[in-house]
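# Fold and contact review
One-letter residues, chain by chain:
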Amino acid sequence: MDIDWPGCRNVRDVGGLPTADGRTVREGVLIRADSLHYLSADGVDAVRRAGVGRILDLRTDGEIAATPTPFTDDPLGVRQPLADPKDPDHGQPTIVEACTWMLDRRPTLFAAAVKAIAEAPDGAVVVHCHGGKDRTGMVVALALSVAGVPEEEIVADYFLTQTRLADWLAEQLAAEPDSSRHPEMLEFRDTRAESMTAILRHLDEKYGGPEAYLRHGGLTSADLVRLRSRLLG
């Protein structure tokens, strides 16, 4: 369900997604978004009226320093970067390879992000990075997988971002006069359904699936139960 937070382009509640056992993810518990530094004053007011209990910022310290959000220093805000400051640039040629590089390098940080959803105070948890697509997409996909949401639903949710950010991508391409850079921009700014499919396949083949990956990163059985209870009631 789309949410209108003025200034942001890619905010939605993942509530209503079905699980394999016939249940549904509860509304008002997990919201995915692009960076909240884009919010207008009206957007900030909308967030504060939305019953949010935690805002999970997945960006690096450098990104946050450059573009803090109105909630960076607010009690609602929690920082959980998915990279260590010592990590090099990923240097990968495709978005799938960049994402799987991140997952393989820092499973403890991805597990910590999912744990931060499970342990949040009452109210919706907002998860965001910069565009709300890849880092946010991976963390949300991991959480939804634990809740039992089928892969095709997770992939479809990821693909919704393509439409939400289409105008933004067009603006960025128009602002880059060097057309030789456009293929790389498209590679790393698009959200093709097959990208998330490939990421999930990597987790299956290397770790035995998203839940096994999260356990590899340090999540406990109690953490996983808490997450399912939060998302499903």
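Everything below is about the structure shown above.
The present account deals with the structure reproduced in this document. (Residues numbered from 1 in each chain as written. Predicted model: local features only at pLDDT ≥ 70, side-chain atom pairs only at ≥ 80, totals over all residues. Heavy atoms only, no water.)

Here we come to the pairing of strand β5 (residues 124-128). Of all 5 residues making up β5, 5 are buried, and the element is well covered by its neighbours. Here β5 shows two buried faces, one formed by Ala-124, Val-126 and His-128 and the other by Val-125 and Val-127. Pairing between strand β2 (residues 30-33) and β5: 4 bridges, direction parallel. Across the sheet, the residue bridging to Arg-32 is Val-127, located in β5. Of the strand pairs in this sheet, strand β3 (residues 52-57) and β5 are connected by 5 bridges, and their pairing is parallel. Across the sheet, the residue bridging to Asp-57 is His-128, located in β5. (Buried < 20%, exposed > 50% of the residue type's maximum accessible area, 1.4 Å probe, protein only. Helix = DSSP H or I, 4+ residues; strand = E, 2+ residues; numbered from the N terminus. Pairing = 2+ DSSP bridges.)

Applying the stated rule across the entire model yields 2 cavities of 30 Å³ or more. Taken as a whole, the largest cavity spans an internal volume of roughly 50 Å³. Lining the largest cavity we find Ile-55, Asp-57, Ile-64, Thr-69, Phe-71, Thr-72, Gly-77, Val-78, Arg-79 and His-128. Element by element, the count of residues in the lining of the largest cavity is highest for strand β4 (residues 77-79), at 3 residues. Split by residue class, the lining of the largest cavity holds 4 nonpolar, 4 polar and 2 charged. Within this model, the second largest cavity holds a volume of roughly 30 Å³. Every residue lining the second largest cavity is listed: Leu-103, Met-138, Ala-141, Leu-142, Met-196, Ile-199, Leu-200 and Leu-203. If you list the elements that add at least two residues to the lining of the second largest cavity, you get α5 (134-147) and α9 (193-207). Take the lining of the second largest cavity: its biggest share by element is 4 residues, from α9. Looking at side-chain class alone, the lining of the second largest cavity contains 8 nonpolar, no polar and no charged residues. (1 Å grid on protein atoms, 1.4 Å probe; cavity = no way out; pocket = protein on both sides within 12 Å on 5 of 7 lines; lining within 4 Å. Points joined across faces, edges and corners; volume = space filled by probe spheres on them. Nonpolar A, V, L, I, M, F, W, Y, C, P; charged D, E, K, R; others polar.)

Close contact between helix α4 (residues 107-118) and α5 brings their axes to 10 Å; oriented N to C, the two are set at 65 degrees. Here α4 runs over α5; the crossing is right-handed. Contacts from Phe-110, Ala-113, Val-114 and Ile-117 of α4 reach α5 at Met-138, Val-139, Leu-142 and Ala-143. (Axes fitted to C-alpha atoms, helices over the stretch in contact; angles between N-to-C directions. Left-handed = near helix turned anticlockwise from the far one by under 90°. Contact = heavy atoms within 4.5 Å.)

All told, the structure shown has 3 aromatic pairs when counted by the stated rule. Note on Phe-110 and Tyr-213: the rings are 6.4 Å apart at their centroids and 65 degrees apart in plane angle, and the pair reads as edge-to-face. Remark: Tyr-213 occurs in helix α10 (residues 210-216) and Phe-110 occurs in helix α4; sequence separation between them is 103 residues. Its relative accessible area of 0% is what places Tyr-213 among the buried residues. Summarising the aromatic geometry, the rings of Tyr-207 and Tyr-213 are spaced 4.9 Å apart at their centres and angled 75 degrees between planes, so their arrangement reads as edge-to-face. Taken together, the aromatic side chains of Phe-110, Tyr-207 and Tyr-213 make up a single cluster linked through ring pairs. (Phe/Tyr/Trp six-rings, centres within 6.5 Å; stacked < 30°, edge-to-face > 60°.)

Under the counting rule described, the total for this entry stands at 21 salt bridges. Here Asp-74 and Arg-48 are joined by a salt bridge, their closest N and O atoms 2.8 Å apart. Of this pair, Asp-74 sits in the loop between α2 (61-66) and β4 while Arg-48 sits in helix α1 (residues 41-49), and the two are 26 residues apart along the sequence. Under the relative-accessibility criterion, Arg-48 is labelled partly exposed at 46%. Residue Glu-211 pairs with Arg-215 through a salt bridge whose shortest N-O separation is 3.5 Å. Here Arg-215 and Glu-211 lie together in helix α10, a separation of 4 residues that amounts to about one turn. Its relative accessible area of 27% is what places Glu-211 among the partly exposed residues. (Salt bridge = Lys/Arg side-chain N within 4 Å of Asp/Glu carboxyl O.)

Among the nonpolar cores identified, the biggest contains 50 residues, and Val-25, Leu-30, Phe-110, Ile-117, Val-139 and Leu-231 are the most heavily contacted of them. Secondary-structure elements contributing two or more residues to this core are α3 (95-105), α4, β5, α5, α6 (151-164), α9, α10 and α11 (221-232). If we skip the residues at most four places from it in the chain, Val-139 touches Leu-58, Leu-82, Phe-110, Ala-113, Val-114, Ile-117 and Val-127. Counting 16 residues, the second-largest nonpolar core is a separate cluster that includes Trp-5, Ile-31, Val-44 and Ala-124. (Core = buried A, V, L, I, M, F, W, Y, C linked by side-chain atoms within 4.5 Å.)

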